[in-house]
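An overview of the molecular structure
As a plain string of letters, each chain reads:
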Amino acid sequence: VSELKHDERHLPGEEGIWLFIIGDLVMFTALFAIFLYYRTADLQAFRESHRLLNQDLGLANTALMLTSSWCVASAVRAAKLGRVQWVSRLLFGGIVCGIGFGIIKYFEWSAKISAGFSPQSNDFFMFYFTLTGIHLVHVIIGTLVLIFFARFDWSLAAPGGTALRDLESGASFWHLVDLLWVVLFALVYLMP
Amino acid sequence: MNDSIFSGRNTLVWFALIAITLLSWKAGHSCGSASTAGVIILLFAFAKARLIISEFMEVRTAPRALQWLTDGWIIIACGLLVTLSLGVFQPT
């Protein structure tokens, strides 16, 4: 990496998307910090509530998120290699994973709500529904972005045109959604 | 093959991410101290986050300023969350 000269370095996507990504990372870090602060205040209740979560569904969603990111990163690679027929196919794989994530989240939330848990139950469930809810909004927006790029006819994309840079912006946003889930899964689902 | 879509680094990174996920799953279900397990799980999560940023987001080949910014976030966020997870700051 260090042997790359400055002019060989390449910013993936628009500057604006990176400004948004850094801002979103800072916001989620603050939310995660507040979660841990409240957890310290009532460790016993947080641990007991945490044991009620369905960790298997959390693990399945992690696998879906990581796989969707692989699909999207591979789609960007396919676009750069000029393998246009693969770009939409791989983005479609990412979309399927994104929709699968939403379906699992729906069943997970339904099970919790029908068992009588709500954001009002206690601080843990307030954080659980808020954090996974804000993240789910990101998943929905990200899936719509992927659908937009999957519908594009990549054989029409001019080499060196703006289409690839726009795809990189969308892909960077999707990877942000993935990495936020990775930290959220560790904090809310895994930490004993 | 150098120009293949699937034989590049992305696939290796995916395997590494899944492997770290399974390791942190194991850490969360071990019988050791809960706070140690919590720290291990957080460190694994930020290792995954860095892999996603540098490889999938291609920050590895991005301008240095972006690398410093994202690595700065990893260090500060990981340090902050690990410290808080140990219950250092007790609310009054």
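My aim in this report is to walk through the structure given alongside it, one point at a time.

Conventions used here
- Residues numbered from 1 in each chain as written.
- Chains lettered and ligands numbered in written order.
- Predicted model: local features only at pLDDT ≥ 70, side-chain atom pairs only at ≥ 80, totals over all residues.
- Heavy atoms only, no water.
- 1 Å grid on protein atoms, 1.4 Å probe; cavity = no way out; pocket = protein on both sides within 12 Å on 5 of 7 lines; lining within 4 Å.
- Points joined across faces, edges and corners; volume = space filled by probe spheres on them.
- Helix = DSSP H or I, 4+ residues; strand = E, 2+ residues; numbered from the N terminus.
- Nonpolar A, V, L, I, M, F, W, Y, C, P; charged D, E, K, R; others polar.
- Contact = heavy atoms within 4.5 Å.
- Buried area = accessible area lost by both parts, 1.4 Å probe.
- Salt bridge = Lys/Arg side-chain N within 4 Å of Asp/Glu carboxyl O.
- Polar contact = N/O pair within 3.5 Å; in protein donor to acceptor, adjacent residues only side chain to side chain.
- Buried < 20%, exposed > 50% of the residue type's maximum accessible area, 1.4 Å probe, protein only.

**Structural notes on the layout of surface pockets**
By volume, the largest pocket is sized at about 380 Å³. Arg77 and Lys80 of chain A together with Asn10, Glu58 and Arg60 of chain B are the residues nearest the centre of the largest pocket, which is lined by 14 residues in total. Where the lining of the largest pocket is concerned, the elements lending two or more residues are helix H3 (55–81) of chain A together with helix H1 (9–28) and helix H2 (34–56) of chain B. Ranked by residues supplied to the lining of the largest pocket, first place goes to H3 of chain A with five residues. Looking at the lining of the largest pocket, its residues break down into four nonpolar, four polar and six charged.

**A look at the interface of chain A and chain B**
With 53 residues of chain A at the interface, the matching set in chain B holds 51 residues. With both chains or domains summed, chain A and chain B bury close to 4,500 Å², and 74% of this area falls on carbon and sulfur atoms. Inspection of the chain A/chain B interface yields one salt bridge. A salt bridge links Glu58 of chain B to Lys80 of chain A; the shortest N-O distance between them is 2.8 Å. Here chain A and chain B share 13 residue pairs in polar contact (both at pLDDT 80 or more) between them. Among the secondary structure elements, those contributing two or more residues to the side of chain A that touches chain B are helix H1 (15–41), H3, helix H4 (84–114) and helix H6 (162–190) of chain A. Element by element, the count of residues in the side of chain A that touches chain B is highest for H3 of chain A, at 16 residues. Among the residues forming the side of chain A that touches chain B, the class breakdown is 33 nonpolar, eleven polar and nine charged.

**Some thoughts on the environment of Leu187 of chain A**
If you trace the backbone, Leu187 of chain A turns up in helix H6. Among the residues examined, Leu187 of chain A registers a relative accessible area of 1% and is labelled buried. Counting along the chain gives 84 residues from Leu187 of chain A to Ile103 of chain A, while the straight-line C-alpha distance between them is 22 Å. If near-sequence neighbours (up to four positions away) are discounted, Leu187 of chain A is found in contact with Phe32, Phe35 and Leu36 of chain A together with Leu42 and Leu81 of chain B.

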